[in-house]
Amino acid sequence: MAERSYYEILGVAKGASDDEVKSAYRKLAIKYHPDKNKGNKEAEEKFKEATEAYEVLRDPKKKAAYDQFGKAGVNAGAGYGQGGFGQGAYTDFSDIFGNFEDIFEGFFGGQGQGGRSGSRRGGPQRGSDLRYNLELGLEDAALGKEVKIEIPRNETCTDCSGSGAAKGSTPSTCPDCGGSGQVRRTQGFFSVTTTCPRCSGRGKVITNPCKTCHGDGVVEKRRTINIKIPPGVENGSRLKVNNEGEAGPNGGPHGDLYVVTHIRKHPVFERNGSDLIVTKTISLAMACLGGEIDIPTIDGKTISLKIPEGTESNQVFRMKGLGIPYIGSYGKGDQHVIVKVEIPKKLSKRQRELLEEFAKESGEKLGSKGKSGLFSR
């Protein structure tokens, strides 16, 4: 099998720039590093191979010699090919990973508070977000409303101004991390940083804690907030209220509050998106002869709806623009009225006579009085 070129090993073109070579090697080094693939000989070999290629291609003189004469033109013993793993190998990774935190993120997925995503210093940090489940009636969801809610949340301790230290005292620098909030540890032949376990990344320790907050810097309080519910909110809508979450550690800013709406089932109206559905029962006579019925609307009004002659059961009538407002837009949905024709279960003598006359005029034959039939009882 033909030996692969250094460019092929790194997966770059022969004319690749220094940044492209560096980026390609960084990805391979993270993927195949022995500390991340313990006991995996194949990964170790690929790591050696990639490192040898990078050591040559990063050096302009070695690269020129390699481009002209191949491996024979490269000084023997300069890479892993002659020296073996750990002998004459390229070990200065600072230009690849920038700093130890980058190495930690690359090899270990950025987990833990020692990485870039965690707390590095004892300065102010943003507080946590909060969630509040708000139950609403359909009318309030459709028309909008301002409601007051009360939430428990952590607020900055006023006695110590969030420092956690008692009045007249101040936090002292952590002796383990020297105030950096991080300590270094060795992983293979790399040094990586992790959150200081003594000060939890704050960089300071409190020897005389505040009696009100017990050194936390925050205390739990109940806060009343006015929430504006916009017209048209749906079940499960999330309304964001800025800076009404928990206070941040070390005097940091508040997080946000998310109000999640839960809409109760309505006894009259059924919601379908921005449309409303109402079911209305009419008599057999009205279905045949037509008439008018009163229909309620979500804003508490009543509107007359004309029922034409010959209306059938389950027929739907549209009342345009009487639905729920489109949230974040103009206009409203519609209200749909489903008509149900009610068949009487009991008839007076006169009603029976009239229906029998109607049937006779229609040429229908009905069951005799007292026997089983549609109107017999």
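Residues numbered from 1 in each chain as written. Predicted model: local features only at pLDDT ≥ 70, side-chain atom pairs only at ≥ 80, totals over all residues. Heavy atoms only, no water.

## A closer look at the sheet that holds strand 14 (residues 315-319)
Part 1: Taken in spatial order, the 4 strands make up an open sheet running 10-11-15-14, and their pairing is mixed. Both edges of this open sheet fall to strand 10 (269-272) and strand 14, since each of them pairs with a single strand only. Adjacent strand axes in the sheet meet at a mean angle of 30 degrees, parallel and antiparallel pairs treated alike.
Part 2: Note that strand 11 (residues 275-283) and strand 15 (residues 335-342) share 8 bridges and pair parallel. The residue bridging Ser283 from the neighbouring strand is Glu342, located in strand 15. (Pairing = 2+ DSSP bridges. Helix = DSSP H or I, 4+ residues; strand = E, 2+ residues; numbered from the N terminus. Axes fitted to C-alpha atoms, helices over the stretch in contact; angles between N-to-C directions.)

## So, the environment of Gly248
Part 1: As for its position among the elements, Gly248 is in the loop between strand 8 (238-241) and strand 9 (257-263).
Part 2: Judged by relative accessible area, Gly248 falls into the buried class, the value being 0%.
Part 3: Gly248 sits 124 residues away from Pro124 along the chain, and the two C-alpha atoms are 6.8 Å apart.
Part 4: Once residues lying within four places of it in the same chain are set aside, the contact partners of Gly248 are Gln125, Arg126, Gly127, Val218 and Pro253. (Buried < 20%, exposed > 50% of the residue type's maximum accessible area, 1.4 Å probe, protein only. Contact = heavy atoms within 4.5 Å.)

## Description of the confidence of the model for the protein
Part 1: For the protein, per-residue confidence averages 81 on the pLDDT scale, and 82% of positions sit at 70 or higher.
Part 2: Within the protein, strand 14 carries the highest mean pLDDT (96), whereas helix 5 (residues 80-83) carries the lowest (40).
Part 3: A low-confidence stretch, residues 76-92 stays under pLDDT 50, and its non-local contacts, those more than four residues away or across chains, total 31 contacts.
Part 4: Below pLDDT 50 for its whole length, residues 370-377 participates in 12 contacts with residues either more than four positions away or in separate chains. (pLDDT = per-residue confidence, 0-100.)

## Structural notes on the packing of helix 3 (residues 41-57) against helix 4 (residues 60-69)
Part 1: Where helix 3 contacts helix 4, the axes come no closer than 6 Å and their chain directions differ by 105 degrees. Between helix 3 and helix 4, the angle is such that the two are roughly perpendicular. Together, Glu55, Val56 and Leu57 of helix 3 and Lys62, Lys63 and Tyr66 of helix 4 make up the contact between the two elements. (Parallel < 35°, antiparallel > 145°, perpendicular 65-115°, else oblique.)

## Comments concerning the state of the cysteines
Part 1: Using the criterion set out here, one finds 0 disulfides in the structure.
Part 2: Cys199 supplies the cysteine sulfur nearest to Cys177, a cysteine that is in no disulfide, at a spacing of 3.7 Å.
Part 3: Taking relative accessible area as the criterion, Cys177 reaches 11% and is therefore assigned buried.
Part 4: Overall, Cys199 belongs to the buried group, its relative accessible area being 4%. (Disulfide = S-S within 2.5 Å.)

## Comments concerning the pattern of salt bridges
Part 1: Under the criterion given, the structure shown has 19 salt bridges.
Part 2: A salt bridge links Asp176 to Arg198; its shortest N-O distance comes to 3.5 Å. Residue Asp176 is located in the loop between strand 3 (172-173) and strand 4 (182-187), and its partner Arg198 is located in the loop between strand 5 (190-195) and strand 6 (204-205); the two are separated by 22 residues in the primary sequence.
Part 3: In this structure, the salt-bridge partner of Arg350 is Glu353, at a minimum N-O distance of 3.5 Å. Residue Arg350 and its partner Glu353 are located together in helix 10 (residues 349-362), separated by 3 residues, close to a single helical turn.
Part 4: Taking relative accessible area as the criterion, Glu353 reaches 30% and is therefore assigned partly exposed.
Part 5: Each of Arg126, Asp129, Lys240 and Asp256 takes part in a single network of salt bridges with overlapping partners. (Salt bridge = Lys/Arg side-chain N within 4 Å of Asp/Glu carboxyl O.)

## Section: the sheet that holds strand 1 (residues 130-136)
Part 1: Taken in spatial order, the 3 strands of this open sheet run 1-9-8, and their pairing is mixed. Only two strands of the sheet have a single partner each, and these edge strands are strand 1 and strand 8. With direction set aside, neighbouring strand axes in the sheet form an average angle of 25 degrees.
Part 2: Pairing of strand 8 with strand 9 involves 4 bridges; the strand directions are antiparallel. Across the sheet, Lys240 pairs through a bridge with Tyr258, a residue of strand 9.

## Digging into the packing of helix 2 (residues 18-32) against helix 3
Part 1: Helix 3 packs onto helix 2 with a crossing angle of 160 degrees between their chain directions and a minimal axis gap of 9 Å. Put simply, helix 2 runs roughly antiparallel to helix 3. Here helix 2 runs over helix 3; the crossing is left-handed. Of the residues in helix 3, those in contact with Val21, Lys22, Tyr25, Leu28, Ala29 and Tyr32 of helix 2 are Ala43, Glu44, Lys46, Phe47, Ala50, Thr51, Tyr54 and Leu57.
Part 2: The residue makeup of the contact of helix 2 with helix 3, split by class, is 10 nonpolar, 1 polar and 3 charged. (Left-handed = near helix turned anticlockwise from the far one by under 90°. Nonpolar A, V, L, I, M, F, W, Y, C, P; charged D, E, K, R; others polar.)

## Quick notes on the nonpolar core
Part 1: Counting 23 residues, the largest nonpolar core has Leu134, Leu138, Ile149, Ile227, Ile229, Leu257 and Val259 as its most contacted members.
Part 2: Of all the secondary structure elements, the ones that give two or more residues to this core are strand 1, helix 8 (138-143), strand 2 (145-156), strand 7 (218-229), strand 8, strand 9 and strand 11.
Part 3: Look past the residues within four positions of Ile227 in its chain and what remains in contact with it is Lys145, Glu146, Val147, Ile149, Val241 and Val259.
Part 4: Of all hydrophobic cores here, the second largest spans 21 residues; its members include Val21, Ala29, Tyr54 and Leu57. (Core = buried A, V, L, I, M, F, W, Y, C linked by side-chain atoms within 4.5 Å.)

## Observations regarding the packing of aromatic side chains
Part 1: Across all of its chains, the model carries 3 aromatic pairs by this definition.
Part 2: In textbook terms, an aromatic cluster arises when at least three aromatic residues are bridged by ring pairs, as seen for Tyr6, Tyr7 and Tyr66.
Part 3: Its guanidinium or amino end placed over the ring of Tyr258, Arg238 lies 4.5 Å from that ring's centre, counting from NZ or CZ. (Phe/Tyr/Trp six-rings, centres within 6.5 Å; stacked < 30°, edge-to-face > 60°. Lys NZ or Arg CZ within 6 Å of the ring centre and 35° of its normal.)

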